[in-house]
Amino acid sequence: MAAAGDGPWLDDAAGRLVRPFTVSDGRTEPSVALDLISQVMATGVTPLGYLGPEHAQALDLCRAPISVAEVAAHLGLPAVVTKVLLADLVDCGALTTKPPAFHHTPTDRSLLEAVLDGLRRQL
């Protein structure tokens, strides 16, 4: 039998046996503003104290710059939970974050139409 700290509890048929929000101790607001396309990267600083297996997995994913959305996908956790985990790591100095840089207005009509046209061609 696995101990409580042995990583995420998974069952082949049922999937994750621990609710995602228990990973973040029920917190839904990260202490650092993170966008889904924000880049995070490990600083090399070792976090002091025990943070949990999901924190360790997230930190391992961040050896090279990676977006918050990609970390959430790899962890199989909701984005809001992933943001809380990453914010914990930023707070203890183990991660650095870079907000997304937009070279265009993200709501520019011509950009949105180009994206829509591309999506239509894929369908």
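Residues numbered from 1 in each chain as written. Predicted model: local features only at pLDDT ≥ 70, side-chain atom pairs only at ≥ 80, totals over all residues. Heavy atoms only, no water.

## So, the overall build of the protein
Moving on, step 1. Tallying secondary structure elements over the protein gives five helices and five strands in all.
Moving on, step 2. Ordered by position in the sequence, the α and β elements of the protein form the string β-β-α-β-α-β-α-α-β-α.
Moving on, step 3. Here the protein holds 123 residues, and 26% of them are scored as buried.
Moving on, step 4. Restricting to contacts in the protein with at least 6 residues of sequence separation, those with at least 24 account for 69%.
Moving on, step 5. With the model as given, the accessible surface of the protein reaches about 8200 Å², and the carbon-plus-sulfur share is 58%. (Helix = DSSP H or I, 4+ residues; strand = E, 2+ residues; numbered from the N terminus. Buried < 20%, exposed > 50% of the residue type's maximum accessible area, 1.4 Å probe, protein only. Contact = heavy atoms within 4.5 Å. Areas by Shrake-Rupley, 256 points an atom, 1.4 Å probe, with all protein chains shown as cover.)

## Digging into the pattern of salt bridges
Moving on, step 1. As enumerated under the stated definition, the model contains two salt bridges in all.
Moving on, step 2. A salt bridge links Arg-63 to Asp-60; its shortest N-O distance comes to 3.4 Å.
Moving on, step 3. Taking the shortest distance from any N to any O, the salt bridge between Arg-109 and Glu-113 comes out at 2.9 Å. Of this pair, Arg-109 and Glu-113 both sit in helix H5 (residues 109-122), separated by four residues, roughly a single helical turn.
Moving on, step 4. Owing to a relative accessible area of 64%, Arg-109 belongs among the exposed residues under this scheme.
Moving on, step 5. Take Glu-113: its relative accessible area is 37%, and that puts it in the partly exposed class. (Salt bridge = Lys/Arg side-chain N within 4 Å of Asp/Glu carboxyl O.)

## Quick notes on the sheet that holds strand S5 (residues 95-98)
Moving on, step 1. On the basis of which strands lie adjacent, the open sheet formed by three strands has the order S4-S3-S5 and antiparallel pairing. Two strands lie at the open edges of the sheet, namely strand S4 (66-67) and S5, each paired on one side alone.
Moving on, step 2. Where strand S3 (residues 39-42) meets S4, two bridges bridge the pair, whose relative direction is antiparallel. Bridging from a neighbouring strand, Gln-39 pairs with Ser-67 of S4. (Pairing = 2+ DSSP bridges.)

## As for helix H3 (residues 68-75)
Residues that lie three or four places apart on an α-helix share one face, since the helix turns once every 3.6 residues.
Moving on, step 1. For H3, every residue scored as buried is listed here: Val-68, Val-71, Ala-72 and Leu-75. Seen end-on, H3 carries its buried residues on one side only, within an arc spanning 100 degrees. Within H3, the exposed residues directed more than 90 degrees away from the buried face are Ala-73 and His-74. (Arc of directions from axis to C-beta.)

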